[in-house]
2 protein chains.
Amino acid sequence: MRQVFQQELIEIQEGLVELAQLMVRAIENATEAFAGSDIVLAEKVIEHDPEVDRLAASLDERVTKVLALQQPVATDLRLMVSALRMSASLERMADLAQHIAQLARLRYPENAIPEPLRKTFTRMGKLDIQMAHKIVELLEEQNIDTIVEIRDLDDELDELHTKVFEKVLTAGLMEKPEHAVDATLASRYHERFGDHAVSISKQMHYFLAGQRLS
Amino acid sequence: MRQVFQQELIEIQEGLVELAQLMVRAIENATEAFAGSDIVLAEKVIEHDPEVDRLAASLDERVTKVLALQQPVATDLRLMVSALRMSASLERMADLAQHIAQLARLRYPENAIPEPLRKTFTRMGKLDIQMAHKIVELLEEQNIDTIVEIRDLDDELDELHTKVFEKVLTAGLMEKPEHAVDATLASRYHERFGDHAVSISKQMHYFLAGQRLS
């Protein structure tokens, strides 16, 4: 029985990694579509989102099945509860990437980012992508140091989020009202993306401080 | 054993109702603070948020304990998994109410809502509060009709969300750039609030179509 459970744990971990990889692809494509007004890439992100949702749902089903059949206790049980939370965060991160892609599509052929903010959003996108890769690394290698790196990236993201508002509110900097709306929404999506990465890393910290996934 | 479990189920349900009641208070006060630039009420919402977080965390602990000690299967297990999701949504709804209160505090003594949008936001606030009460009702009385009512309220909320953007983008309607930012963020908070209410009602639908909570 114990051996079966270990195998199930490994498969759940692999499922989380696979979900995280889809999320990485979503944020990479969304960021590029947003920066370059690439409608084809934006639509690709939007089209792929149901795939992410399906994978998250099937992962949740698997976790629930393990809870029913293996009836884990203590750390193993907490691991299952955490897997549910992590899958919800990964799915939400992919949703946020999709929202960024939707903004790019909405403004196409114009660029959704007003010129004075382009550099800031390029950096925000890079931070999101770095965080996304760190999440995959954390789920795969379970190295506690990765958690600190994710936190640091999120701190920089939060600073940029504040900066976006300052620029949006600088008189005369936004040429059109939609620039203010787009910048506000996009910045909020990036910030929430980072929050979910931190939330996943907190879930992982809980275990790594105690017991390892496999 | 079965009787102990039934008692635990009732207590978890009561915990969810209590959490939902805190969330109702948060959105009621946040909406009033936002509409009337009431800094005292805004700060009250912000101060009470940690209480919501604590209650959600203790509810999750209780659910995890039930999973470990009672090892429920089938519908009872799904109920436990759902309780975790519903508690996360209720906590997030209170967070969104807090964000609305923070916007009111940020702009105090000015009103965060630009005049041309005041009527729309008053309606959005009312819809949120109605949905919040319906969630309490749904958790308490478990009447499947409430789910349809929540969905209808959310549809109206989504329409208003689109309307806010139209108004924000109408040339000359927003006097200051912060009006565009505030209206965009506040509208997004209201929309997400409604999404979480719908998400809770979907979780409840899953059971009520099958088995009742108590």
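A quick note: this is a predicted structure, and the numbers were derived from the prediction, not measured.

Q: What exactly am I supposed to notice about the pattern of salt bridges here?
A: Here the idea is simple: oppositely charged side chains can pair when their charged atoms come close. Residue and element names in this part refer to chain B. Counted by the stated rule, this structure contains 28 salt bridges over all chains. Residues Arg123 and Glu156 are paired through a salt bridge, measuring 2.7 Å at the closest nitrogen-oxygen approach. Of the two residues, Arg123 is situated in helix α4 (residues 118-141) and Glu156 in helix α5 (residues 144-168); the sequence distance between them amounts to 33 residues. In this structure, Arg188 and Glu191 form a salt bridge, with 3.1 Å as the shortest nitrogen-oxygen distance. Of this pair, Arg188 and Glu191 both sit in helix α6 (residues 177-208), three residues apart, which is roughly one turn of the helix. Arg188 gets classed as buried once you look at its relative accessible area, which sits at 7%.

Q: So what exactly am I meant to see when it comes to the relation of the copies chain A and chain B here?
A: A rotation about an axis combined with a shift along that same axis relates the two copies of the chain. Screw-axis analysis of chain A against chain B gives a translation of 0.0 Å along the axis, an RMSD of 0.0 Å, and a rotation angle of 180 degrees. Here the copies are linked by what is in effect a two-fold axis. Both copies present the same face, since 100% of the interface residues in chain A are matched by interface residues at the equivalent positions in chain B.

Q: Help me understand the nonpolar core, please; the structure alone is not making it clear to me.
A: Generally speaking, nonpolar side chains in soluble globular proteins are found buried as a group. Membership of the largest hydrophobic core comes to 156 residues, with the highest contact counts inside it found for Leu90 of chain A together with Leu90 of chain B. If near-sequence neighbours (up to four positions away) are discounted, Leu90 of chain A is found in contact with Leu16, Leu19, Ala20, Met23, Ile135, Leu139 and Ile200 of chain A.

Q: What am I meant to see in the UniProt feature "domain: PhoU" (unreviewed entry) in chain A here?
A: Residue and element names in this part refer to chain A. Mapped onto this numbering, the UniProt entry annotates "domain: PhoU" (unreviewed entry) at residues 17-103 and 122-203. Within the segment residues 17-103, helix and strand shares are 94% and 0% respectively, and the terminal C-alpha atoms sit 27 Å apart. Summarising residues 122-203: 89% helix, 0% strand, and an end-to-end C-alpha distance of 29 Å.

Q: Would you mind going over α5 of chain B with me for this structure?
A: Along an α-helix, residues three or four apart share an orientation, since each turn contains 3.6 residues. Residue and element names in this part refer to chain B. Taking 1.5 Å of rise per residue, 25 residues should cover 36 Å, and α5 covers 37 Å from first to last C-alpha, within 8% of that figure. Within α5, the full set of buried residues consists of Thr146, Ile147, Ile150, Leu153, Asp154, Leu157, Leu160, His161, Val164, Phe165 and Val168. The N-terminus of α5 is capped by Asn143, whose side-chain oxygen sits 2.9 Å from the backbone nitrogen of Asp145.

Q: What is the right way to look at empty space enclosed by the protein in this model?
A: A probe matching the size of a water molecule, rolled over the atoms, marks out where space remains unfilled. Overall, the coordinates contain seven cavities of 30 Å³ or more when judged by the stated rule. Approximately 110 Å³ is the volume attributed to the largest cavity. Along the walls of the largest cavity sit Leu22, Arg25, Ala26, Asn29, Lys44, Val45, His48, Asp49, Glu51, Val52, Ala94 and Gln98 of chain B, which together make up its complete lining. Among the secondary structure elements, those contributing two or more residues to the lining of the largest cavity are α1 (2-36), α2 (39-70) and α3 (74-107) of chain B. Sorting elements by how many residues they give to the lining of the largest cavity places α2 of chain B first, with six residues. Tallied by class, the residues present in the lining of the largest cavity amount to five nonpolar, three polar and four charged. Together, Leu22, Arg25, Ala26, Asn29, Lys44, Val45, His48, Asp49, Val52 and Ala94 of chain A line the second largest cavity. It is helix α2 (residues 39-70) of chain A that contributes the most residues to the lining of the second largest cavity, five residues altogether. For the lining of the second largest cavity, a count of residues per class yields five nonpolar, two polar and three charged.

Q: Would you take a moment to explain the interface of chain A and chain B for this structure?
A: Often the size quoted for an interface is simply the accessible area lost on bringing the parts together. Taken together, the contact between chain A and chain B spans 28 residues of the former and 28 residues of the latter. Summing the contributions of chain A and of chain B, the shared interface buries around 2500 Å²; its carbon and sulfur component is 63%. Here chain A is connected to chain B by four salt bridges. A salt bridge links Arg85 of chain A to Asp60 of chain B; the shortest N-O distance between them is 2.8 Å. Across the chain A-chain B interface, the total number found is five residue pairs in polar contact (both at pLDDT 80 or more).

Q: Just to check I follow, could you spell out the layout of surface pockets for this structure?
A: Reported here for the second largest pocket is a volume of approximately 460 Å³. Lining the second largest pocket are 20 residues; nearest its centre among them are Gln102, Leu185 and Tyr189 of chain A together with His161 and Phe165 of chain B. Every element with two or more residues in the lining of the second largest pocket is listed here: α3 (74-107) and α6 (177-208) of chain A together with α5 and α6 of chain B. Broken down by element, the lining of the second largest pocket gets its largest block of residues, seven residues, from α3 of chain A. When its residues are assigned to classes, the lining of the second largest pocket shows seven nonpolar, four polar and nine charged.

Thresholds, definitions, all that
- Residues numbered from 1 in each chain as written.
- Chains lettered and ligands numbered in written order.
- Predicted model: local features only at pLDDT ≥ 70, side-chain atom pairs only at ≥ 80, totals over all residues.
- Heavy atoms only, no water.
- Salt bridge = Lys/Arg side-chain N within 4 Å of Asp/Glu carboxyl O.
- Helix = DSSP H or I, 4+ residues; strand = E, 2+ residues; numbered from the N terminus.
- Buried < 20%, exposed > 50% of the residue type's maximum accessible area, 1.4 Å probe, protein only.
- Least-squares fit on C-alpha atoms with pLDDT ≥ 70 in both.
- Contact = heavy atoms within 4.5 Å.
- Core = buried A, V, L, I, M, F, W, Y, C linked by side-chain atoms within 4.5 Å.
- UniProt positions renumbered as here; feature names shortened; annotations may be inferred.
- Expected span 1.5 Å × (residues − 1).
- Polar contact = N/O pair within 3.5 Å; in protein donor to acceptor, adjacent residues only side chain to side chain.
- 1 Å grid on protein atoms, 1.4 Å probe; cavity = no way out; pocket = protein on both sides within 12 Å on 5 of 7 lines; lining within 4 Å.
- Points joined across faces, edges and corners; volume = space filled by probe spheres on them.
- Nonpolar A, V, L, I, M, F, W, Y, C, P; charged D, E, K, R; others polar.
- Buried area = accessible area lost by both parts, 1.4 Å probe.

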